[in-house]
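Each chain, letter by letter, is given below.
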Amino acid sequence: MPNDRDSGDHKKNLGFATRMSHGGRAGVKIHGFVNPPVHRGSTVLYPDAEARRDGGAKRFERYMTYGTAGGPTHYALEDVIADIEGGTRCTIVGTGLAAVTVPLTAYLKNGDHCLIPDSCYGPARNFATTLMKDWGIDTTFYDPCVDEAGMAALIRPNTKVVYLESPGSHTFEVQDVPVLARAAHARGCKVLMDNTWGIHNFQPFEHGVDVSIQALTKYVGGHSDILLGSITTNSEEDHRAIRSAASTLGHYASPDDCWLALRGVRTMAMRLKAQEAASLEVATWLEQQPQVKRVLHPALPSHPQHALYKRDFTGGCSLFGVILDPQYDQGGMFRFVNALQLFGIGASWGGFESLALPTSGFITRTAGSGDFGGPMLRLHIGLEDTKDLIADLAQGLRVLN
Ligand SMILES: *Cc1c(COP(=O)(O)O)cnc(C)c1O
């Protein structure tokens with residue numbers, strides 16, 4: 001069976017790029033084609049009446065009952081993402097934001113308390129301060145750089161979830177995940193983490209995380225044409241909790257989008273490597289410009305948590321922050337961003353194209369100061385020639401003089 005080449009125990013010894021080429025292909029290849037097809041469908045036929053009683057028919061290693069539980073195209077993507085993150089099972093949902101809200105809903109109920117870093121993805125904060133609050137779930141936004149004793153002091157008897165996001169959205173603080181997870185587990189809390197920036201370069205389950213969240217919309221999709229999220233777990237108990245919440249809430253993802261994500265996976269190792277290297281070249285150049293006060297990229301030695309980054313990450317990606325000299329106000333930052341010719345002004349990232357996004361003035365901080373020492377923006381470095389991007393940034397900065 002040629003399919004067997006794509007599964008089996010040898011997989012763990014293979015490099016990341018090899019696994020991205022071969023993963024998610026076993027069992028779903030049809031008629032010898034390399035790629036799994038798009039399986040669209042709502043109804044799944046039971047082979048007999050007893051199968052309805054017994055929870056469906058076992059196909060592709062899952063019990064299939066209805067399209068909402070996904071089909072072979074979803075399973076192929078689930079297997080690759082679980083492999084990327086070093087987990088055992090994965091659930092695909094329609095957006096990265098759904099991958100944030102489903103686990104929070106799964107583990108929190110009325111009367112519970114949740115800890116979320118102040119540097120979290122903005123819509124995660126919004127979920128906590130609106131629907132979660134209305135459901136009687138209390139949230140404390142904490143300093144992402146809190147230490148073990150500080151985390152222990154924040155945990156209340158009714159705290160059920162310690163949420164992490166590392167590095168933080170827009171401000172790129174790297175969290176001490178193993179230490180924070182240890183403090184959380186010592187007090188019976190679940191550890192949820194948004195690992196969208198780390199992708200495979202941060203292995204959440206080796207660092208004490210229970211549930212890992214990714215916006216596949218970003219580098220996995222890679223082409224700015226899909227929205228998709230994943231929730232990866234490392235125990236059957238957590239997997240059942242996530243699956244149950246996702247299906248109770250009616251979450252689903254289009255198999256066409258899963259197929260596009262699988263296509264993105266095939267080139268992701270190379271794209272990430274190229275974009276990370278380009279981002280470091282651009283970030284290092286920016287650090288030397290007089291109009292720039294600070295560059296917030298965990299892979300730069302100047303980053304305050306660079307040592308944690310070196311300890312826990314095997315690499316980075318191409319999303320980072322830039323703080324301009326405080327002599328420029330928001331209007332100056334806008335002039336700089338507007339002057340750029342090759343950088344689109346847009347929110348999502350991980351695609352092939354470079355982006356610049358004004359951030360200070362648009363993000364909320366309640367545990368720490370919302371003053372970052374100068375006007376701040378976020379850059380995403382795409383697959384363009386780095387020399388062209390640097391030339392564009394140079395002409396943009398000249399507008400400030
Ligand atoms: C983009 C993003 C999300 C949400 O992804 P969508 O697919 O756009 O909903 C979640 N977390 C982080 C860190 C993100 O950057």
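**As for the packing of aromatic side chains**
One pass over the full model with this rule turns up 7 aromatic pairs. Where phenylalanine 127 meets tryptophan 135, the ring centres are 5.8 Å apart and the plane angle is 80 degrees; that geometry is what we call edge-to-face. Among the aromatic side chains, those forming a connected cluster through ring pairs are Trp197, Phe202, Tyr309 and Phe313. Cation over ring: arginine 125 sits above phenylalanine 141, and NZ or CZ is 4.1 Å from the ring centre.

**Here we look at the state of the cysteines**
In this structure the tally under the stated criterion is 0 disulfides. Take cysteine 90: it sits in no disulfide, and the sulfur closest to it among the cysteines is that of cysteine 258, at 9.4 Å. Here cysteine 114 stays free of any disulfide, with the sulfur of cysteine 189 as its closest cysteine sulfur at 9.3 Å. Cysteine 114 sits in the buried class, given a relative accessible area of 0%.

**What to know about the packing of helix H9 (residues 255–287) against helix H12 (residues 386–398)**
For the pair H9 and H12, interaxial distance at closest approach is 10 Å and the crossing angle is 30 degrees. Between H9 and H12, the angle falls in the class roughly parallel. In terms of crossing hand, the pair formed by H9 and H12 is right-handed. For the pair H9 and H12, contact is made by Ala278, Glu281, Val282, Trp285 and Leu286 and by Thr386, Ile390, Leu393, Ala394 and Leu397, respectively. Counted by class, the contact of H9 with H12 contains 8 nonpolar, 1 polar and 1 charged residues.

**Things to note about unusual backbone geometry**
Of note, the amide linkage connecting serine 166 to proline 167 takes the cis form, showing an omega dihedral of -5 degrees. Residue placement: proline 167 occurs in the loop between strand S6 (159–165) and helix H7 (177–186). One non-glycine residue, isoleucine 199, adopts positive backbone phi at about 50 degrees. With respect to the element layout, isoleucine 199 can be found in the loop between strand S7 (190–194) and strand S8 (211–215). Residue serine 224 is not a glycine yet carries a positive backbone phi of 55 degrees. Locating serine 224 in the fold gives a position in the loop between S8 and strand S9 (229–233). Here serine 224 falls in the partly exposed class, since its relative accessible area comes to 46%.

**As for the site of the ligand**
Taken together, 13 residues sit near the ligand, with Gly96, Leu97, Asp194, Thr217 and Lys218 positioned nearest. A distance of 2.7 Å is found between an oxygen atom of the ligand and a backbone nitrogen or oxygen belonging to glycine 96. A distance of 2.5 Å is found between an oxygen atom of the ligand and a side-chain nitrogen or oxygen belonging to threonine 217. Contact with the protein chains hides 90% of the accessible area of the ligand, taken as 380 Å² for the molecule alone.

The rules we used
Residues numbered from 1 in each chain as written. Predicted model: local features only at pLDDT ≥ 70, side-chain atom pairs only at ≥ 80, totals over all residues. Heavy atoms only, no water. Phe/Tyr/Trp six-rings, centres within 6.5 Å; stacked < 30°, edge-to-face > 60°. Lys NZ or Arg CZ within 6 Å of the ring centre and 35° of its normal. Disulfide = S-S within 2.5 Å. Buried < 20%, exposed > 50% of the residue type's maximum accessible area, 1.4 Å probe, protein only. Axes fitted to C-alpha atoms, helices over the stretch in contact; angles between N-to-C directions. Helix = DSSP H or I, 4+ residues; strand = E, 2+ residues; numbered from the N terminus. Parallel < 35°, antiparallel > 145°, perpendicular 65-115°, else oblique. Left-handed = near helix turned anticlockwise from the far one by under 90°. Contact = heavy atoms within 4.5 Å. Nonpolar A, V, L, I, M, F, W, Y, C, P; charged D, E, K, R; others polar. Near = heavy atom within 4 Å. Polar contact = N/O pair within 3.5 Å; in protein donor to acceptor, adjacent residues only side chain to side chain. Areas by Shrake-Rupley, 256 points an atom, 1.4 Å probe, with all protein chains shown as cover.

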